[in-house]
Amino acid sequence: MMRSMYSAVSGLKTHQTRMDVIGNNIANVNTVAFKSSSVTFSDILYQTTSNASGANATTGTGGVNAKQIGLGTTAAATKVSITSAGASETTGNPFDIRLTDKNSTNFFIVNNGSENVFTRSGSFYVDGSGNLCMSSTGYTVMGWQVDETTGEIRKDTVSALRIMQEKNLTSAPEATTQATIAGVLDENDADVKSGAGKVMNLNFYDNLGYQYTAKFAIKATAKDGEYTVELTSILDSNNKNITEGFTQAQMKEIFGNTDTETTIASYSSTLPGCGYTFDPKTGKLTDDNANNAEVAINTDGTIGNTGKTIKDVFGVSDGNFKNIQDSDKAGNDDYKFESVKNADGSFSYQIKKKSATNLLKFNTEDGKFNSIGGGTDKSVELNLNTTSLNANGNFANINVDFSQCLNYSKSGKSTIGADAGAVDGTTGKGRKLGAMTGIFIDTSGRIYGTYDNGNTELLGQIAVAQFSNASGLEKVGESCYRTTLNSGEFDGIGVEISADGSSMTTGELEMSNVDLSSEFTSMITTQRGFQANSRVITTSDTLLEELVNLKR
């Protein structure tokens, strides 16, 4: 009789354990990535009052089963439903990550300061030191770092992902190495026919991220479909001409393979009241105040010793006059002044400049690009790596591709222009120093930084852990687990989540996998089991009472 009472007591204790587990499940119905548990019962010791016996052929009697009386129940196991994923919850937070399993159950690896533990809760944030951490505990998220030599992920022992460290806040500048000339060059464009030519600017970067502007001039020649392309100057970010004073030979070293003499200005008379007269019939420039004596123009643009200049006499533009004087100061002989006889027999006073150019050719049949530089090439080199220009070594040569330009009629309006980068628009474009503007994580856990110079750089990768028996992990609270002898060991390196087809999704969290309908059903059966065991105790008590009352 005492056996029944103690069996019922064990039943009460076991059902209470099951109720505790159910209560914990329901309490965590909204806990991120919580895994529900269940209790499995088993019977315990049996008291054998009679052993089993076999059949007796002599007596002709059969065998008798053993007589055993059970002594109650116990909680045999608490099973965690760890391989069952919870539903997804959309948060929109880029540092919230949900693990989607394919063939294995994956876990984030986090460090609590003394050891690595494992979690399915992907609610992360970046702390004040730049580390990626669990938002609930501050445990650092572990992963792999970028090999500075190769720029790729090095899958070694996991370490804390400090994605916002100082070196990641900026992206290194890149020098421009490619450029593309594209658009329509209209031969009827007045600029193309002018002495200054059609101006075209190319903005590019050096190795340090400083921006420069190379200014080109495209001019028509006497032959259809042929034009000259000249580099006129290179301006820095302060609009200072860094090629100022360069000789024609120095400019030719940078850009151009042909020596060209062009007329940059032509005059048939002098300005009224300037004190000088140019006679278009004789081609002579005379001094009105010196008995009409013939005078010559000096190499710096001044006239004799009078202090007057070609700007005062002919009205030469400020830009041309400055270039003439700068050339003379540098000891160059790139400009000359002469009286030239025209086709009609009259004379004009001309300013001529020697320059280095490349010949740009188009097919006269269809207006498509033919060649640049006088050969069959589609591109020429802007050679910035010269002794006179690149003393500090901060420039890289730029390959300029002309194959995308056309020679069509466009109502006298040319659209030809220069852009940094190859035809694909990205290769060799060059970049300034970039400041970080954002971070994103792809489906394989790779963390990238985006920068305002257009760069995207790899900062690290979140590693995951997989176990041969994930249900064997030990819960340590705070949504974390620890390895046990029955779960399998963590090798310290981890695996890439995409190795078996699994993935990470940002902006989402895994919800609890607790099923309330199942929990309420289990609660009812647990309550009834507890109630039945309590009835066994009260009934046994009544029997004992009757036994005591046998003697009155």
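Residues numbered from 1 in each chain as written. Predicted model: local features only at pLDDT ≥ 70, side-chain atom pairs only at ≥ 80, totals over all residues. Heavy atoms only, no water.

**Regarding the overall build of the chain**
Phase 1: The secondary structure content of the chain amounts to six helices and 35 strands.
Phase 2: With respect to the principal axes defined by its C-alpha atoms, the chain has extents near 165 × 50 × 40 Å.
Phase 3: Looking at the chain residue by residue over its 552 residues, the buried ones come to 41%.
Phase 4: In the chain, once contacts between residues fewer than 6 apart in sequence are set aside, the share between residues at least 24 apart is 61%.
Phase 5: Accessible area for the chain stands at about 28,200 Å²; split by element, carbon and sulfur atoms hold 47% of it. (Helix = DSSP H or I, 4+ residues; strand = E, 2+ residues; numbered from the N terminus. Buried < 20%, exposed > 50% of the residue type's maximum accessible area, 1.4 Å probe, protein only. Contact = heavy atoms within 4.5 Å. Areas by Shrake-Rupley, 256 points an atom, 1.4 Å probe, with all protein chains shown as cover.)

**What about the layout of surface pockets?**
Phase 1: Of the pockets and cavities examined, the largest pocket occupies roughly 760 Å³.
Phase 2: Those elements that place two or more of their residues in the lining of the largest pocket are β16 (211-220), β17 (226-235), α3 (248-254), β18 (258-267), α5 (318-329) and β23 (347-362).
Phase 3: Residue contributions to the lining of the largest pocket peak at six residues, all from α5.
Phase 4: Considering only residue class, the lining of the largest pocket consists of 11 nonpolar, 14 polar and nine charged.
Phase 5: Taken as a whole, the second largest pocket encloses approximately 260 Å³ of empty space. (1 Å grid on protein atoms, 1.4 Å probe; cavity = no way out; pocket = protein on both sides within 12 Å on 5 of 7 lines; lining within 4 Å. Points joined across faces, edges and corners; volume = space filled by probe spheres on them. Nonpolar A, V, L, I, M, F, W, Y, C, P; charged D, E, K, R; others polar.)

**Quick word on the pattern of salt bridges**
Phase 1: In total, this model carries 19 salt bridges according to the counting rule given.
Phase 2: A salt bridge links Glu226 to Lys223, with the nearest nitrogen and oxygen atoms 3.7 Å apart.
Phase 3: With a relative accessible area of 54%, Lys223 lands in the exposed category.
Phase 4: Members of the salt-bridge network, linked through shared partners, are Lys35, Asp101, Arg120 and Glu510. (Salt bridge = Lys/Arg side-chain N within 4 Å of Asp/Glu carboxyl O.)

**Things to note about the packing of aromatic side chains**
Phase 1: The tally for this structure, following the rule as stated, stands at 14 aromatic pairs.
Phase 2: With 5.9 Å between their ring centres and 65 degrees between their planes, Phe107 and Phe467 make a pair best called edge-to-face. You can see Phe107 sitting in strand β7 (residues 106-111) and its partner Phe467 sitting in the loop between β31 (464-466) and β32 (474-477), a full 360 residues away along the chain. With respect to class, Phe107 is no different from Phe467; both count as buried. (Phe/Tyr/Trp six-rings, centres within 6.5 Å; stacked < 30°, edge-to-face > 60°.)

**Things to note about the sheet that holds strand β25 (residues 379-382)**
Phase 1: The strand order across the open sheet built from four strands is β25-β26-β14-β27, with neighbouring strands paired in mixed fashion. Looking at the sheet topology across the chains shown, the edges are occupied by β25 and β27 (417-420). Averaged over all pairs of adjacent strands, the angle between their axes in this sheet comes to 25 degrees, without regard to strand direction.
Phase 2: Pairing analysis gives four bridges linking strand β14 (residues 178-184) to β27, with the strands arranged antiparallel. (Pairing = 2+ DSSP bridges. Axes fitted to C-alpha atoms, helices over the stretch in contact; angles between N-to-C directions.)

**Some thoughts on helix α1 (residues 2-27)**
Because each turn of an α-helix spans 3.6 residues, side chains separated by three or four positions in sequence point in the same direction.
Phase 1: Along its 26 residues, α1 runs 37 Å from first to last C-alpha, staying within 8% of the 38 Å computed at 1.5 Å per residue.
Phase 2: Taken together, the buried positions of α1 are Met5, Ser7, Ala8, Ser10, Gly11, Leu12, Thr14, His15, Val21, Ile22 and Asn25.
Phase 3: In this fold, the buried residues of α1 make contact with β1 (37-43), β3 (67-70), β4 (73-80) and α6 (516-548). (Expected span 1.5 Å × (residues − 1).)

**Concerning the sheet that holds strand β20 (residues 284-287)**
Phase 1: The strand order β19-β20-β21 describes an open sheet built from three strands, whose pairing is antiparallel. One side of each edge strand has no neighbouring strand; the edge strands of this open sheet are β19 (276-279) and β21 (293-294).
Phase 2: Here β19 pairs with β20 via four bridges, running antiparallel. By the bridge assignment, Tyr276 is partnered in β20 with Asp287.

**Comments concerning the environment of Gln350**
Phase 1: Within the secondary structure, Gln350 is located in strand β23.
Phase 2: Separated by 28 residues in the primary sequence, Gln350 and Lys378 place their C-alpha atoms 35 Å from one another.
Phase 3: Beyond its immediate chain neighbours, meaning those up to four positions away, Gln350 contacts Thr263, Ala265, Ser266, Lys336, Phe337, Glu338, Val340 and Asn342.

**So, the packing of α1 against α6**
Phase 1: Put simply, α1 and α6 touch, their axes get as near as 9 Å, and they point 160 degrees apart. In terms of orientation, α1 lies roughly antiparallel with respect to α6. Note on packing geometry: the crossing formed by α1 with α6 is left-handed.
Phase 2: Here the contact of α1 with α6 is built from residues that sort into 15 nonpolar, 13 polar and three charged. (Parallel < 35°, antiparallel > 145°, perpendicular 65-115°, else oblique. Left-handed = near helix turned anticlockwise from the far one by under 90°.)

**With respect to unusual backbone geometry**
Phase 1: At Asn292, a residue that is not glycine, the phi angle is positive and equals roughly 55 degrees.
Phase 2: Mapped onto the elements, Asn292 comes out in the loop between β20 and β21.
Phase 3: Positive phi, normally seen in glycine, also occurs at Ser411, with a value near 55 degrees.
Phase 4: Considering the arrangement of structural elements, one finds Ser411 in the loop between β26 (398-406) and β27.
Phase 5: The exposure class assigned to Ser411 is exposed, which follows from its relative accessible area of 71%.

**Looking at the pairing of strand β8 (residues 116-119)**
Phase 1: Where β7 meets β8, four bridges bridge the pair, whose relative direction is antiparallel. Across the sheet, the residue bridging to Val110 is Val117, located in β8.
Phase 2: Between the end of β7 and the start of β8, which pair antiparallel, lie four residues, with Gly113 showing a positive phi angle near 105 degrees.
Phase 3: Note that β8 and strand β33 (residues 480-482) share two bridges and pair antiparallel. Each residue of the ladder has a partner; that of Phe118, found in β33, is Tyr481.

**Side note on α6**
Phase 1: The end-to-end C-alpha distance of α6 is 48 Å, a good match for the 48 Å that 33 residues give at a rise of 1.5 Å each.
Phase 2: Within the sequence span of α6, burial applies to Glu519, Thr526, Gly529, Asn533, Ser534 and Ser540.
Phase 3: The secondary structure elements touched by the buried residues of α6 are α1.

**Considering the state of the cysteines**
Phase 1: Throughout the structure, instances matching the rule amount to zero disulfides.
Phase 2: Here Cys133 stays free of any disulfide, with the sulfur of Cys480 as its closest cysteine sulfur at 12 Å. (Disulfide = S-S within 2.5 Å.)

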